[in-house]
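One letter stands for each residue in the lines below.
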Amino acid sequence: HWKMSDFVEQAITRIRNIVGDKAQVIGAVSGGVDSTVVARLFTLAIGDRFHAVLVDNGVMRLNECQEVQNMLQEHLGINLTIIDGAKLFLDRLKGVTEPETKRKIIGGTFIDLFEEEAIKIEKAAENTPNAGKVEYFAQGTLYPDVIESLSFNQFSATIKTHHNVGGLPARMMNGQGLKLIEPLRELFKDEVRAFGKQLGIPENLNMRHPFPGPGIAIRIIGEVTPERVAIVRKADHIFISMIREAGIYNEMAQAYAGLDTNRAVGVQGDARVYGYIIILRAVTSVNFMTAEPYAFDFELLKHISRRIVNEVDGVSRVTYDITSKPPGTIELE
Ligand code: XMP
């Protein structure tokens, strides 16, 4: 039976053997545990010949881009480039309401920007005397992702396109001739987390709930506008902070604030306001294929609701989604 510490050593050795002492590697990071573990492993194995790229797609959470930068660059010493794509993503999402179209726009724009950056890194690499070409693309694919994309191909076109699994490598590989390396391909999430701990990744990052590639865009029903993004970010920040303060974050598999398309009337002070409706969702789940709504303490839930209505301008109502999966999904779109 293998031990975690052996796995770290083996993974680093394997990376060095594959990449050699000249070639360079590029990889996308999101701030989540999988891509951070991959980035840290490659950094330990080949230092700055690994290039991490974070694309700010305008639908990350409040302050998230800055927090990821602090953690990866300063704390973990990863060679990181941030692409500010927020405006481009939001421009392309303007007027779009159909869920799959939203996903495709975000996935496609991500690839456009990522490819552009990869080319820049390749050009710069040509002028680096001690390093070779960018030859590899690193990705934090886990074992369940492998399984899910297999069943996705076989059985259904209606399952949502998980853009961090299917689309990206195919086009990257064809366009760039990059070879794919997936060091976590045989691991489950809990193993990656144990692995992250070994690699010095802090507990709160290691235990972070999964966050989808299309970000809060699939938690905003209907059009993604800068105003609606700002509202969801504030509400989500309050929700998650209160969950953390209550010490129940690790009891849930995922939690977030989303937004309905409709509005509803509420009273604030003496005035009737026609405001936004926040949808809170928190679930427990073992493998994300099924999920149950988290059984909140009702007083806490009411306290969360009160704070959101009081502190987030434009919100008149807060609802809690108690749908199981199935028939619901974890995300709203
Ligand atoms: P659903 O909403 O289908 O989600 O119950 C199941 C799990 O998958 C995540 N998810 C995604 N992750 N890109 C991702 O990287 C996506 O397009 C995507 N869609 C859903 C979701 O957050 C949950 O953990």
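Note that the structure is a prediction, hence the values are computed from the model and not measured.

Chemist: So what's going on with the packing of helix α2 (residues 33-46) against helix α8 (residues 189-198)? Which residues, and what values?
Modeler: Interaxial distance between α2 and α8 falls to 10 Å at its minimum, and their mutual angle equals 45°. What the angle tells us is that α2 and α8 run oblique. The two elements α2 and α8 meet at a crossing, and its hand is left-handed. Within the contact between the two elements, α2 uses Val33, Asp34, Thr36 and Val37 and α8 uses Val192, Arg193, Phe195 and Gly196.

Chemist: Account for unusual backbone geometry, naming residues and giving values.
Modeler: Going from Lys325 to Pro326, the amide bond is cis rather than trans, its omega being -15°. Take Pro326: it is sitting in the segment after β9 (315-320). Here the residue pair Pro326 and Pro327 is connected by a cis peptide bond, since its omega of 10° sits within 30 degrees of zero. Non-glycine residue Asn63 carries a positive phi angle of around 60°. Assignment of secondary structure puts Asn63 in the loop between β2 (50-56) and α3 (64-75). The class for Asn63 is exposed, based on 11 C-beta atoms found within 10 Å.

Chemist: Describe the UniProt feature "binding site: ATP" (unreviewed entry) in the protein, with residues and values.
Modeler: Those residues carrying the UniProt feature "binding site: ATP" (unreviewed entry) are Ser30, Gly31, Gly32, Val33, Asp34, Ser35 and Thr36 in this numbering. Here Ser30 is to be found in the loop between β1 (24-28) and α2. With residues up to four places along the chain from it excluded, the contact list for Ser30 reads Ser35 and Phe211. Along the polypeptide, Asp34 turns up in helix α2. With 22 C-beta atoms counted inside 10 Å, the residue Asp34 sits in the buried group. In this view, Asp34 contacts Gly140, Leu142, Leu184 and Val192; residues no more than four positions away in its chain are not counted.

Conventions adopted
- Residues numbered from 1 in each chain as written.
- Predicted model: local features only at pLDDT ≥ 70, side-chain atom pairs only at ≥ 80, totals over all residues.
- Axes fitted to C-alpha atoms, helices over the stretch in contact; angles between N-to-C directions.
- Helix = DSSP H or I, 4+ residues; strand = E, 2+ residues; numbered from the N terminus.
- Parallel < 35°, antiparallel > 145°, perpendicular 65-115°, else oblique.
- Left-handed = near helix turned anticlockwise from the far one by under 90°.
- Contact = placed C-beta atoms within 7 Å.
- Buried ≥ 20, exposed ≤ 12 C-beta atoms within 10 Å, placed from the backbone.
- UniProt positions renumbered as here; feature names shortened; annotations may be inferred.

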